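# Overview (structure and organization)
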Amino acid sequence: MRQTYALVVAASAAAALLSSCSSSSAGSEASGDAPAGLLRSGELSVCTDPEYAPMEYLDNGDTSNPIGFDPDSARALADKWGLEITWQNTSFDGLMPALQAKRCDVLWAALYLSPERLEVADGSPFLETGPSLITRTGDTAIASSEDLSGKTVAVQGGGSNELTLEALSEKFEQEGKPGITVQPYPKTAETVAAVTNAKADALIETDVAVVDMVGKSGGALQEITGVFPVDTKFGVFTLQDSPLSAPVADALKAMDADGTLAAIADKYGLDPSRISTE
């Protein structure tokens, strides 16, 4: 009996040691079909900002399970690799810092593949997009980008849309015209409130989100199309030179080829023809 107990103790110690070794190397081991480079074995951790319908948002107060095109696509990727999925919800301006701090494996949150972001992270494209404008219904003062001279425009701060406004404002000033008063806000809901309450003449947002925002305004807001070209893509970001970067790009192409991404786009009212993984 004592010998049996000793063997059990020894076996338990050995198991604990093996478990410790496994945990310490989880960042470099693959799980199932998953590539190397995961922060934790058997898990895909995703940084997102779930306040951007239809791309990513929360439903019925469930803060642990974001839905939308991006979360559903991330779940499809996790399933493809045989992984559990976890979420790191953070504010928009904290997304890239969260990835850099290794709080997640991938950053999947409807972010443009901008040159500034690609200087600090690797990015894989998945959807063509571009900026659009929202004004109060019935306002006819803005029909083109030139009409933004002298106007006040709300924008979610820290992103490419803010840079677009700043560059356009600088162009106006160089031409001797009034610039744009740029109003950055932490959240998209605050940009909507700024326009609705006449604190701003317009707001700039990605075209995929504008339809949802206008639809929820009860007729108070309208989209102004054709002001900016569809000239960029959303991307999934990984750390620069991460072992995950190439597998993420390959998986997105595979999910494009087999129709997975198109089906998810259709589910959330997006144009499947805008899926682009090249």
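Structure shown above.
I will try to describe carefully the structure that is included in this document.

## Observations regarding the pattern of salt bridges
Evaluation of the coordinates by the stated rule reveals ten salt bridges. For Arg274, the salt bridge is made with Asp207, and the minimal N-O distance between the two is 2.5 Å. You can see Arg274 sitting in the segment after helix H9 (260-267) and its partner Asp207 sitting in helix H7 (residues 207-215), a full 67 residues away along the chain. Look at Arg274 and you get partly exposed, because its relative accessible area is 21%. On the basis of relative accessibility, which here comes to 14%, the residue Asp207 falls in the buried class.

## Points about the environment of Pro272
Along the polypeptide, Pro272 turns up in the segment after H9. Relative accessible area serves as the criterion here: at 31%, Pro272 is assigned to the partly exposed category. On a C-alpha basis, the gap between Pro272 and Leu127 in space is 8.9 Å, while along the polypeptide they are 145 residues apart. Setting aside its immediate chain neighbours within four residues, Pro272 contacts Ala262, Ala265 and Asp266.

## What about the packing of aromatic side chains?
This model, assessed by the stated rule, comprises five aromatic pairs. Between Phe69 and Phe126, the ring centres sit 5.8 Å apart and the planes meet at 15°, which makes this aromatic pair stacked. Note that Phe69 is positioned in helix H2 (residues 69-81) and Phe126 in strand E7 (residues 121-129), a separation of 57 residues in sequence. As far as burial versus exposure is concerned, Phe69 and Phe126 are alike and both buried. Taken together, Phe69, Trp108, Tyr112, Phe126 and Phe234 form an aromatic cluster joined through their ring pairs. Over the ring of Tyr57 we find Lys216; its NZ or CZ atom is 5.9 Å from the centre of that ring.

## Details of the state of the cysteines
Summed over all chains, the structure comprises one disulfide. For Cys47, the disulfide goes to Cys104, at an S-S distance of 2.2 Å. A torsion of -105° about the S-S bond marks the disulfide between Cys47 and Cys104 as left-handed. Here Cys47, found in strand E1 (residues 43-48), pairs with Cys104, found in the loop between helix H3 (95-100) and strand E6 (106-112); they are 57 residues apart in sequence, far enough to count as distant. According to the relative accessible area criterion, Cys104 is buried, its value standing at 2%.

Procedures and definitions
- Every chain is numbered independently, its residues counted from 1 as its sequence is written.
- In keeping with the model being predicted, local features are shown solely for residues with a pLDDT of at least 70 and side-chain atom pairs are shown and tallied solely at 80 or more, while totals for entire chains, interfaces and linings include all residues.
- Just so you know, side-chain values use all the structure's heavy atoms and leave hydrogens and water out.
- The rule for a salt bridge is simple: a side-chain nitrogen of Lys or Arg has to be within 4 Å of a carboxyl oxygen of Asp or Glu.
- To qualify as a helix, a DSSP run of H or I must reach at least 4 residues; to qualify as a strand, a run of E must reach at least 2; elements of each kind are numbered from the N terminus.
- For each residue, the accessible area found with a 1.4 Å probe, counting protein chains only, is set against the maximum for its type, and the residue is called buried under 20%, exposed over 50%, and partly exposed in between.
- In this analysis, two residues are considered to be in contact whenever any of their non-hydrogen atoms come within 4.5 Å of each other.
- Stacked, tilted and edge-to-face are the three classes applied to pairs of Phe, Tyr and Trp rings, where Trp contributes its six-membered ring and a pair requires centres within 6.5 Å; stacked means planes under 30 degrees apart, edge-to-face means over 60, and tilted covers the rest.
- We count a charge as sitting over a ring when the NZ of a lysine or the CZ of an arginine lies within 6 Å of the ring centre and within 35 degrees of the ring normal.
- Cysteine sulfurs are considered disulfide-paired once they come within 2.5 Å of each other.

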